[in-house]
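# Descriptive analysis of the structure
In case you want the letters, here they are:
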Amino acid sequence: MLGYLIKRLLMLVPLFLGITLITFTVIHLAPGEPVEMQTAMNPKISAQTRQKLREYYGLDKPLYVQYGKWLTRLSKLDFGRSFASDNRPVIDKIKERIPITLSLNIIALVLEFGLAIPIGILAATHRETLLDRGITIFVFLGFAVPTFWLALLLMYLFGVKFGWLPISGLHSLGSEGFSPVRWLIDMGRHLLLPIAVATFGSLAGLSRYMRANMLEVLGQDYITTARAKGLGERAVIYRHALKNALLPVITLLGFSLPGLIGGSVIFETIFAIPGMGQLFYMGVMARDYPLVMGILVIGAFLTLVGNLLADLCYALADPRIRHGG
Amino acid sequence: MRIGRAARLILLSLVLLLAACMDKQPTKQAVRGPGKPAYGDAIVVGSIGDASNLIPLLASDTPSFEIAGYVYNGLVKYDKDLNLVGDLAESWDVSKDGLTITFHLRHGVKWHDGVEFTSADVLYTYRVTIDPKTPTAYAEDFKQVKRAEAPDRYTFRVTYGKPFAPALASWGMSILPSHLLEGKDITKSDLARKPVGTGPYRFKEWVAGQKIVLEAYKNYFEGEPYIGRYVYRIIPDNSTMFMELKAGGLDMMGLTPVQYQRQTDTPDFKSRFNKYRYPASAYTYLGYNLRNPMFADKRVRQAITSAINKDEIIHGVLFGMGQIAHGPYKPGTWAYNPHVKDFDYNPGRAKQLLAQAGWKQLNSDGVLVKDGKPFTFTILTNQGNDQRMKCAQIIQRRLKNVGIDVKIRVLEFASLLTNFIDKGNFDALIMGWTISQDPDIFDVWHSSKTGPKELNFIGFKNKEVDRLIEEGRSTFDVEKRKRCYYRIQEILADEQPYTFLYVPDSLPVVSSRFRGIEPAPAGITYNFIKWYVPKEEQVY
């Protein structure tokens, strides 16, 4: 097991470097430079000014020099300063947005797993009944309805028509003066719609997956054995079938780790939630290389760690993998 | 059975949740009448984007400038009729030869931290602007300055190499506090996130991506503003912003033409909000690549303009919220020549002009042919601008009627710029310009600005226009300048290097509890410090 772990950890290093090299190159391949984006169509910019700005950002150097410099800084965990006109350290810009995105995503993830797994089990155990079909329609509706459309409709209904919920943002005006409890309630009210919409949209994938797993397991011989032994249906499903059906879900959970810091641009834009999705999108549009690289590096790192964790959990849970590796 | 109970539980909790959400404040019906001016309350303004840097010298985005406009002052500013008047400068003299401008600064102006404002601040701002180490986009105008000096605490004098008319307006740039910046690296200064200025509002807080809050500066030299707080809320989506407005979460935003015409016509909306409408300082145009032989003949360009129905575009794209543009100036400003009319919609004339230019025969697709080549070209425009996209479609259909085949290509802005415009690799494009207050148009129309990455990217070269532009920028005499710009408009109307399409309207909407708003050529916010909410209607 330890040897396996060390081998996997060592593999991460070249993989990580490869990812950064490829992303760095690809970003620079996109037409336009940060300087272009800042100075585009501005009559007051002369060629010298543009040159000066390029030198200021180090864009006049060959690409491999830029990569080398970036990598050297990264080895000291320095992501550099943003090329946007605020010129702030990239890490600061990421730091102020991560808590929002992370907490939103964790809540949504818990809800997603918490709802989708029982739904999937329910659908599997009531296979081909009205309940199963109803669930199928419900989750696919969530999957198919465009998020922004549903969000706008709900905002109109609950925000404008009834006036029950705030429409956008995270806090009410003047929430600084609220007591901690009221402040939390206020924030909860703001998050209700975004989280509901996000969860509704994500139920389909996992619940269908769970249903399929469950059905597969229920068809196995040992389930027939368990039933033949005279075990109750509940014991069969929850003690024998569920454990095995849940195994692949561990992998999915590992895969969702990098997703935790990623946000959806459309979603954040509609609800005016200043999250990572918007930050990344604006970074890309402005060709803010350090910012884009910073976010991608964190994403890549989490993906690698997530995969590793998933594999390790899998190995822990499933003796066949542990010994085979 | 168990499912039934679970469902009932869920329903119950939903009901409870909804009930918990019901504690909202009742919406107050606006009381008509001017009311009495009173201090206090707050205005919540919606913005699509967040500011980036509150040192305006280092910023290039609208939100940053909007905020900076309340926090800082320049030496001069535009008044409600768009005339230059003193701001931090009480007055100024221009020497006879037009080379030296002497600004006489206001006495007793205090920075928000209490330190007195003096000519040293102006001198610092000038120096840091032209400092090659400062990554700013605004150094160009100030590089024309030969000498800048501060003979005493309240006098600032600049001397130019040659008379330069846009110079005066350039001193409207925000003056920075030298006592907080002198000797420091401006790019790493705290002021970028916590500005200190001399303006009517002082900075309070900035929650990135959410809001920026300013509060009234009691010692403002023109008097304390009535409205106590200015809250700038960032809502990136226009539909969301509009719903926030209707729900009472916003007091002011800019409407789209559809919202103005179709979605705000209810009695309820009208009683709670006031809509305003005045021409924006911008125009949209169809520009031709004059290096392309297809557009070399001006009759062809005149024909295309004749084939386009600008009224239809304004109606279809802007719901009537705009006016026809005939040239690069805003109707009603002093440089605008009201006598110049270019080619109105007349497809008959368009066909005639095209025939004169040699485009006579139609091929089997109904497209004009000359020397065996069909008249077909591509209009480029940038992604994310729905109005330009629709313009292109309307133009496409109209040109088809006179036998011109138009294709439309929408590109991401960066790609449009680097791969097409900068390389001169395009037939025609639909873009827009903002109209600066000073009518100097050197950068867009002078023949020396046709190089790569320069703004005369259509390659317009006209000796007379060159001479008039140079003359217009080298004198402070408004009458003389006016003559130059009037003539330029006549030439452009005849040459049609662009088909000038329209000047859109600005459509701000403000909650009706705010009084004292007086629309003028400069818009509505020029007298913001005089806006007020009568005591009985204050909300915050």
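The structure we're discussing is the one just above.
Residues numbered from 1 in each chain as written. Chains lettered and ligands numbered in written order. Predicted model: local features only at pLDDT ≥ 70, side-chain atom pairs only at ≥ 80, totals over all residues. Heavy atoms only, no water.

### Description of the sheet that holds strand β4 (residues 89-94) of chain B
All names here are of chain B. To be explicit about the condition: Between any two strands, at least two bridges found by DSSP are needed for them to pair. Working definition: helices are DSSP H or I runs of at least four residues, strands are E runs of at least two. Numbering for both runs from the N terminus. The angle between two axes is taken between their N-to-C directions and runs from 0 to 180 degrees, where each axis is a line fitted to C-alpha atoms and a helix contributes only its stretch in contact. Contacts are assigned to residue pairs with any non-hydrogen atoms lying within 4.5 Å of each other.
Read from one edge to the other, the open sheet built from four strands follows the order β4-β5-β7-β6, with strand pairing classed as antiparallel. Two strands in the sheet have a free side with no partner beyond their single neighbour: β4 and β6 (145-152). The mean angle between the axes of side-by-side strands here comes to 15°, regardless of whether they run parallel or antiparallel. Bridging between β4 and strand β5 (residues 100-105) involves five bridges; their strand directions are antiparallel. Looking at β5, one finds that W92 is bridged to F103. Helix-sheet contacts for helix α3 (residues 119-130) involve β5, β6 and β7 (155-160), and the interaxial angle to β6 is about 160°.

### Describing a nonpolar patch on the surface
Residue and element names in this part refer to chain A. Filter applied, for reference: A patch consists of residues whose relative accessible area exceeds 30% and which take part in no salt bridge; residues with like charges are grouped when within 9 Å of each other, and nonpolar side chains (Val, Leu, Ile, Met, Phe, Trp, Tyr) when within 5 Å. Using a 1.4 Å probe, the Shrake-Rupley method yields the accessible areas, and only the shown protein chains count as cover for residues. For salt bridges, the criterion is a side-chain nitrogen of Lys or Arg within 4 Å of an Asp or Glu carboxyl oxygen. Type-normalised accessible area, obtained with a 1.4 Å probe on protein chains alone, sets the label of each residue: buried when under 20%, exposed when over 50%, and partly exposed for intermediate values.
Together, F148, W149, L153 and I266 make up an exposed nonpolar region whose accessible area comes to about 420 Å². The dominant element in the nonpolar patch, judged by the number of residues it contributes, is helix α8 (residues 147-161), at three residues. Inspection of the secondary structure assignment puts W149 in helix α8. Residue W149 is classed as partly exposed on the basis of its relative accessible area, which comes to 46%.

### Concerning helix α10 (residues 298-307) of chain B
All names here are of chain B. So the rule is basically this: Contacts described as polar in this section are N or O atom pairs within 3.5 Å, which, within protein, must combine one atom able to donate a hydrogen with one able to accept it, while residues neighboring in sequence count only if both atoms come from side chains.
Summarising burial for α10: eight of the 10 residues are buried, a large majority. The complete set of buried residues in α10 reads V300, R301, Q302, A303, I304, T305, S306 and A307. Where α10 begins, one side-chain oxygen reaches toward the backbone nitrogen of R299, 2.9 Å away; that side chain belongs to D297.

### Quick word on the nonpolar core
Here is the rule we go by: Buried residues of nine kinds, namely Ala, Val, Leu, Ile, Met, Phe, Trp, Tyr and Cys, make up a nonpolar core once their side-chain atoms join them within 4.5 Å.
Counting residues in hydrophobic clusters, the biggest one holds 88 residues, and the most contacted among them are L286, I304, F375, F377, L399 and W445 of chain B. V76, W206, I227 and M252 of chain B belong to the second-largest nonpolar core, a separate cluster that totals 65 residues.

### Describing the packing of aromatic side chains
Residue and element names in this part refer to chain B. We apply this condition: For Phe, Tyr and Trp, where Trp contributes only its six-membered ring, two rings pair if their centres lie within 6.5 Å, and the inter-plane angle classes them as stacked under 30 degrees, edge-to-face over 60, or tilted in between. Geometrically, a charge over a ring is one whose NZ (Lys) or CZ (Arg) sits within 6 Å of the ring centre while staying within 35 degrees of the ring normal.
A full pass over the atoms with the stated rule returns 48 aromatic pairs over all chains. Measuring from centroid to centroid gives 5.8 Å for Y226 and Y532, while their planes differ by 70°, and the two rings are edge-to-face. With a gap of 306 residues between them, Y226 in the loop between β9 (211-216) and β10 (227-234) and Y532 in the segment after β23 (508-511) connect regions that are remote in the sequence. On the basis of relative accessible area, Y532 is assigned to the buried category, the value being 10%. For the pair W359 and F375, a centre-to-centre distance of 4.5 Å together with 35° between the ring planes defines the contact as tilted. With W359 in the loop between α12 (347-356) and β16 (361-362) and F375 in the loop between β18 (373-374) and β19 (376-382), the pair connects residues that are 16 residues apart, well separated along the chain. One aromatic cluster is present, formed by Y283, Y285, F426, W433, W445, F457, F460, Y498 and F500 through successive ring pairs. The ring centre of Y260 lies 4.5 Å from the NZ or CZ of K275, which sits over that ring. Geometry around F442 places R473 over its ring, the cationic atom sitting 4.2 Å from the centre.

### Here we look at the environment of F269 of chain B
Residue and element names in this part refer to chain B. Along the polypeptide, F269 turns up in helix α9 (residues 267-272). Judged by relative accessible area, F269 falls into the buried class, the value being 3%. Sequence-wise, F269 and K246 are 23 residues apart; in three dimensions their C-alpha atoms are separated by 7.6 Å. Setting aside its immediate chain neighbours within four residues, F269 contacts F242, L245, K246, T264, K275 and V509.

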